[in-house]
Amino acid sequence: MRELSCRCGDRFCSGQYWHDPDFLDALEDMRARVDRPLVLTSGHRCAGWNAAVGGAPLSRHKQIAADIQIAGHSREALLDAAVGAGFTGLGLGRSFLHVDRRARPARWYYPGSERLWIQ
């Protein structure tokens, strides 16, 4: 729960958390597939924190999503593990991979990251 709770530090909420057992199982599956720890840099965000960090108004982080630090991982292996674990929302950033489980699959690049993901 700590990894996925809002990190606003009591500025807007008291550590809101959105529980989804399927999401948690998918994260554990992804961890097993890469056989290394995953560092989550962002999980659930309350509306105030989402706005403060410049999140999209309809961000999946306002429910449940995770940004996973890339350092220590192969980008390709991390992305393959996310797909294999059933994540359908994949945001490819410079230093992180965003994962969520939206109904309609989507994949996008954050500004300045595309060249890092295309080999």
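Since the model is a prediction, treat every value here as computed from it, not as a measurement.

## Brief notes about the sheet that holds strand β1 (residues 40-42)
The five strands are arranged β1-β2-β4-β3-β5 in an open sheet whose pairing can be described as mixed. Where the open sheet ends on each side, the last strands, each with one partner, are β1 and β5 (106-109). On average, adjacent strands in this sheet sit at an angle of 25 degrees to one another, irrespective of strand direction. Here four bridges tie strand β2 (residues 66-69) to strand β4 (residues 96-100), and the two strands are oriented antiparallel to one another. If you follow Asp-67 over to β4, its bridge partner there is His-98.

## Section: the packing of helix α1 (residues 21-34) against helix α3 (residues 75-84)
Each pair of packed helices can be summarised by the angle the axes make with each other and by the distance between the axes. One way to put it is that α1 packs onto α3 with a least axis distance of 8 Å and a crossing angle of 140 degrees. Classified by the interaxial angle, the pair formed by α1 and α3 is oblique. Here α1 runs over α3; the crossing is right-handed. In contact with Asp-29, Met-30, Arg-33 and Val-34 of α1, α3 contributes Ala-77, Leu-78, Ala-81, Ala-82 and Gly-84. Along the lines of polarity and charge, the residues of the contact of α1 with α3 split into six nonpolar, one polar and two charged.

## Side note on the state of the cysteines
Here a disulfide denotes one covalent bond, and it connects the sulfur atoms of two cysteines. In the structure shown here, the tally under the stated rule is zero disulfides. Cys-13 takes part in no disulfide bond, and the closest cysteine sulfur to it belongs to Cys-8, at a distance of 3.6 Å. Taking the relative accessible area as the measure of exposure, Cys-13 reaches 10% and is therefore buried. Free of any disulfide, Cys-46 has its nearest cysteine sulfur in Cys-6, 3.7 Å distant.

Calculation rules
- Residues numbered from 1 in each chain as written.
- Predicted model: local features only at pLDDT ≥ 70, side-chain atom pairs only at ≥ 80, totals over all residues.
- Heavy atoms only, no water.
- Pairing = 2+ DSSP bridges.
- Helix = DSSP H or I, 4+ residues; strand = E, 2+ residues; numbered from the N terminus.
- Axes fitted to C-alpha atoms, helices over the stretch in contact; angles between N-to-C directions.
- Parallel < 35°, antiparallel > 145°, perpendicular 65-115°, else oblique.
- Left-handed = near helix turned anticlockwise from the far one by under 90°.
- Contact = heavy atoms within 4.5 Å.
- Nonpolar A, V, L, I, M, F, W, Y, C, P; charged D, E, K, R; others polar.
- Disulfide = S-S within 2.5 Å.
- Buried < 20%, exposed > 50% of the residue type's maximum accessible area, 1.4 Å probe, protein only.

These figures capture arrangement, not role.
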